[in-house]
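Commentary on secondary and tertiary structure
Each chain is listed here by its residues.
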Amino acid sequence: MSYKPLDSKVEIPALEREVQRFWEDTDAYRRRVEIQEGEDRPHWSFIDGPITANNPMGVHHAWGRTYKDLFARYRFMRGYEVRNQNGFDCQGLWVEVEVEKELGFESKLDIEAYGLADFVKKCKQRVLNYSAIQTEQSIRLGMWTDWNDPEELRKLAEALENPMEETTYVGSKGPVTGTAEWLVGNLGMPELGGSYYTLSDENNYMIWAALKSCHERGWIYNGADAMPWCPRCSTGISQHEIVTEGYRELTHTSVYVLFRLRDREGSLLIWTTTPWTLTSNVAAAVHPDLTYVKVRYRDEVLYLSKGSLKSAIQDQKNVEVLGELSGAEMEGWRYRGSFDELPLIREMGVPEAHRVILWDEVGEEEGTGIVHIAPGAGKDDLMLGKQYGLPAPAPLDDFGVIIDGFGWLSGVHVYDSAEPIFDDLRRKDLLYRTQRYTHRYPVCWRCGSELVFRYVSEWFIDMGEKLDKPLEEVTEEEKERNLRYQIMESANEVEWIPEFGLKRELDWLRNMDDWMISKKRYYGLALPIWRCECGWFDVIGSKEELEERAVEGWDRFEGHSPHRPYIDEVKIRCERCGGLATRIPDVGNPWLDAGIVGFSTLQYRQDREYWEKWFPAHFITETFPGQFRNWLYAMLAESTILVRRTPYRVCLGHGQVLADDGREMHKSWGNAIWFDDAAETMGADVLRWICCSTKPESNLLFGYKRAGEVRRLFFMTLLNIYNFFYQYASLDGWTPAEQPVELAPLDRWVLGRLSRTVEGVTEALDGYDAQTACVEIDRFVDVLSKWYVRRSRRRFWKTEADDEKRAAYSTLYRCLRTVVLLLAPVTPHLSEALYQRMVRPVEPGVPESVHHCGWPEVDGSVVDVELLAEMDLAMTLSSMGRAARSQCGVKLRQPLGEAVVVVPAEDLPRLGRVSDLVGEELNVKAVRASSDRGLLQSLTVEPVPAMLGRKHGGLFPRVAEAVRGLGSEAAEALSAGEPVTVLVDGLPVEVLPEEVELVSVSRWC
Ligand SMILES: [Zn+2]
Ligand SMILES: [Zn+2]
């Protein structure tokens, strides 16, 4: 039985691989599960915000994932039964887009030609394969949870080629046999174990239950609205998706166009950045109170706002103003549109509808103060169209192609439409001029395509009215009707870290529009809405309900997961007309998937007692800021719908990981670091330490330089202490069985510091504050190295193994052993490597892994408050003394006669007790104590011209001179806040403390 060395030149990644092999060989994680299951423990629940299993994990994922692992490990060590199932987000547009790329598809038409069943299968296979990769990466990061075997996931992906064939999957509780499709649909469920997958049958059906609950309260509706639309992805983009990252700076060609007036001479001059919308123009809006001008420009008479005249018409010398009028006077003027000849436009009665309308939102900062309105191609336009009863031609199809009925424009893609439209307007003599224009324009968050506004029909959850009063004043009856306020109540139950989280979440909830839950796509939650041609619709709440109500197609669906195309086979009876109702083809917003996991993964529908035990989660963590409207929101919303409670108690938000140049990491900028490279170059524990020691509310600047510093300043310091201990303790054959009779003051001091550190780290981690925990550990390791070990060296060097030496060994061992335990949740590999080398060989009967150990107890009995204060004083004085030496350029090895220390009078006795020690540290013969500050520094008085000048005017120079001549006694008085009097020309002048500046001058170099 002896200690094992740990070379301080060791490569951390190599050390981590050794530790990971040990965990694997000893099945260390399972052993931890057995320990917690075998004991009666309080429980601690964590719900994972799922990572999208669509690409390899990025280094930015390491931050949140480190917190997730850290707090679970910590709670286990504190004696809790821990549930920390990992999750994978599996459905939705992001997966579809990647599979489309894989298959070389360009649009939805390619998917339909390929076949929905095969496409959905490919999406599932991609998710399984990437979840295998992310599992391997997470294990590499040192995350402990019930992982699926990555090889089994890959085999399952392959087996899915023949979804209805039986196969066997080996899960964490042993082999399970079923069809490949059934096995995939049951991943993460109790029988199969492992991570949860949002593609699972239970996850999808659980959302059905939530949506049904909404429908029972009348909150599900189909709304036609003009909304942002991605022509490439052929889907609407919800407000949630566009708020923050959905804009890009783009330059377009804008155009000034003439609308010829019908009942009078001249034209309205309008301006637009989206020429294609002119095809569907119906009205022209003016502000009632703005001033408009009638001008002659060359051979045209134009109307536009007075304030826009100069920017709109640059050739001002040819402008002749003929008159002024208010917008209100123009109301009702009729005009001819620029595309009135198009068949559909005529058919819809648009030419007769053209007129000037009033709108308070019209401005003149840009354009002409006259806004062209196309109700079928813009959100505000639609609102105005409804208000004025205008027709709403909508020119674009799902792919952004102009539909039939638009004459020569039909079949033209919106992206290619600007130039032909300009040519056509020129031919008609309606184009005044074009202008390059740069603006923030919405783009698709997935594929980057420019969005267009389309008039489409989508499904929504009604969030309720936006009441103009604070939450406290909303009545219970109003809350019953308004989901928005119920969710706000749930958000109020959460402890948000940092605190501003609550305000952000409430702001979002207060202002958000209804929640658009539909997407016109293929792979995702099959929205459980069945609709009849007569307009009737119903929401189905479970698979069982669907089976009961199915009148057709159940046989073709049975055995499949609730995905397209099979789910679409099932028809139900319309309760209004008796016809057949069909599922709407839309799939669900993917945040519905991730938002339901507080129910689907906790057996809400199968085992209510189990759910009660683990719900709500004690802890979740996510990145700010986007998640306020995504996962954090969706979790709150769905939980409120189902049980009107928050699904999580503590929400820890953290910032973004950026490159060390402060920019986002981008492959093309050359500043991106891949997770695998980071883990294999710097080590997972270094990465974890960097994450944990960063303030969560700031962004993390990540790079190899910082990693090098962490390795050198923290890891190497600790390893060097261990090696020092290892060298001498091995030589002497000392083991913890040999306890000393008496400890030296230095030992008692460091044990006191240790106890305080344990206390500090415990308190920090109880409050989910990893950063403070790291600071505490780091500080302790630093004083252990720089003070305790250095000052104890002579005791270790002694030849005879006496009590003094035993005391030093025993103390250093206790310190290192405790640090190893404190570090276990933060840097699990390093902690294990030290535990296996230092603790296990000499302490028979300790747990096999450091991660099976309990958390160190705070030992208050070793804390000697006076001793701690003395040593703190000694350390402070020594470091100040060394600073003073280096300031004056006198090296430490040059002995000096005396050090003068000024401390407050009450500290003088304490100083007496440490003066020998300080003298030794500073290499001085004597340490003299004093409480007279004047010994070390003198104060001089400087006038503040701004104050004294204003007060004394012409007399100021002479007052200033007198002030500068004040002695140290007057300076002390001023420093104590008292006024002093100077004589100027023989007359007394009072000088106040705020009129002077006191400058202290050192007296010793
Ligand atoms: Zn797109
Ligand atoms: Zn019907």
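Scroll up for the structure.
1. Some details on the sheet that holds strand β12 (residues 283–286)
Within a sheet, neighbouring strands are paired by backbone hydrogen bonds and run either parallel or antiparallel to one another. In spatial order, the strands read β17-β12-β18; together these 3 strands make up an open sheet with mixed pairing. Two strands in the sheet have a free side with no partner beyond their single neighbour: β17 (355–358) and β18 (370–373). Averaged over neighbouring strand pairs, the angle between their axes works out to 35° when direction is ignored. Note that β12 and β18 share 4 bridges and pair antiparallel. Residue pairing in the sheet places V286 in a bridge with I370 of β18.

2. Digging into unusual backbone geometry
Here the amide bond leading from I497 into P498 is cis, since omega sits at -10°, within 30 degrees of zero. The phi torsion at Q603 lies on the positive side, around 55°, for a residue other than glycine. Within the secondary structure, Q603 is located in the loop between α23 (597–600) and α24 (608–614). For Q603, a relative accessible area of 16% corresponds to the buried category.

3. Some points on helix α16 (residues 418–427)
In an α-helix, one full turn covers 3.6 residues, which means residues spaced three or four apart are oriented alike. Taken together, the buried positions of α16 are I421, F422, D424 and L425. Relative to the axis of α16, the buried residues are bounded by an arc of 165° and lie together on one face. Elements that come into contact with the buried residues of α16 comprise β10 (247–261) and β19 (431–442). A positive phi of about 65° marks D429, the residue just after α16.

4. Let's talk about a negative patch on the surface
Taken together, the side chains of E544, E547, E548, D555 and E558 define an acidic patch exposed on the protein surface. Of the residues forming the negative patch, the biggest block, 3 residues, is contributed by helix α20 (residues 543–549). Position of E558 relative to the elements: it lies in the loop between α21 (554–557) and β27 (571–573). Given a relative accessible area of 48%, E558 falls into the partly exposed group.

5. Some points on the coordination of the zinc ion (ligand 1)
Around the zinc ion (ligand 1), the donor atoms from the protein are C230 (SG), C233 (SG), C444 (SG) and C447 (SG), and they sit 2.3 to 2.4 Å away. When its relative accessible area of 0% is taken as the criterion, C233 is described as buried.

6. Details of the environment of I242
On the secondary structure map, I242 appears in helix α10 (residues 239–242). Between the C-alpha atoms of I242 and V826, which are 584 residues apart in sequence, the distance is 36 Å. Not counting chain neighbours up to four residues away, the residues in contact with I242 comprise P228, I237, Y247, P442 and L451.

7. Focus: helix α4 (residues 93–103)
Summarising burial for α4: 8 of the 11 residues are buried, a large majority. L93, W94, V95, E96, V97, E98, V99 and E100 are the residues of α4 that are buried. Summarising the contacts, the buried residues of α4 are in contact with β2 (51–52), β4 (87–89), α5 (108–114), α6 (116–141), β9 (235–236) and α22 (590–595).

8. Some words on the coordination of the zinc ion (ligand 2)
The zinc ion (ligand 2) binds to the protein through C532 (SG), C534 (SG), C574 (SG) and C577 (SG); the donor distances cover 2.2 to 2.3 Å. Classification of the site at the zinc ion (ligand 2) as tetrahedral follows from its 4 donor atoms and the range of 101 to 119° in their angles at the metal. Taking relative accessible area as the criterion, C574 reaches 3% and is therefore assigned buried. Under the relative-accessibility criterion, C577 is labelled partly exposed at 48%.

The rules behind the values
- Residue positions are given per chain, counting from 1 as you read along its sequence in written order.
- By the order in which they are written, chains take letters starting at A while ligands take numbers starting at 1.
- With pLDDT at 70 or above as the cut-off, local features in this predicted model cover only qualifying residues; side-chain atom pairs require 80 or more to be listed or tallied, and sums for whole chains, interfaces and linings still use all residues.
- Computation of side-chain values: all heavy atoms of the structure, hydrogens and water removed.
- For two strands to pair, DSSP has to find at least two bridges joining them.
- Every helix listed is a DSSP run of H or I at least four residues long, and every strand listed is a run of E at least two residues long, numbered separately from the N terminus.
- Simply put, an axis is a line fit to the C-alpha atoms, just over the touching stretch for a helix, and the angle between two N-to-C directions goes from 0 to 180 degrees.
- Working definition: with a 1.4 Å probe on protein chains only, accessible area under 20% of the residue-type maximum means buried, over 50% means exposed, and in between means partly exposed.
- As used here, the arc belongs to the directions running from the helix axis to the C-beta atoms.
- Residue contacts are defined here by distance: any two heavy atoms, one from each residue, within 4.5 Å place the two residues in contact.
- Residues enter patches when they are more than 30% accessible in relative terms and free of salt bridges; like-charged ones are connected within 9 Å and nonpolar ones (Val, Leu, Ile, Met, Phe, Trp, Tyr) within 5 Å.
- The method behind every accessible area is Shrake-Rupley, applied with a 1.4 Å probe, and residues are considered shielded solely by the protein chains displayed.
- When a carboxyl oxygen of Asp or Glu lies within 4 Å of a side-chain nitrogen of Lys or Arg, that pair is called a salt bridge.
- His is not counted, nor are the chain ends; Lys and Arg add positive charge and Asp and Glu add negative charge.
- Where a charge lies is defined by one atom per residue type, namely NZ (Lys), CZ (Arg), CG (Asp) and CD (Glu).
- A 2.8 Å cut-off from the metal defines N, O and S donors, relaxed to 3.2 Å for Na, K and Ca; water is not in the atom list, so some sites may appear incomplete.
- In this scheme the shape depends on donor count and angles: four donors with every angle between 85 and 135 degrees give tetrahedral, four or six donors with opposite pairs above 155 degrees and others between 65 and 115 give square planar or octahedral in turn, and any other case is irregular.

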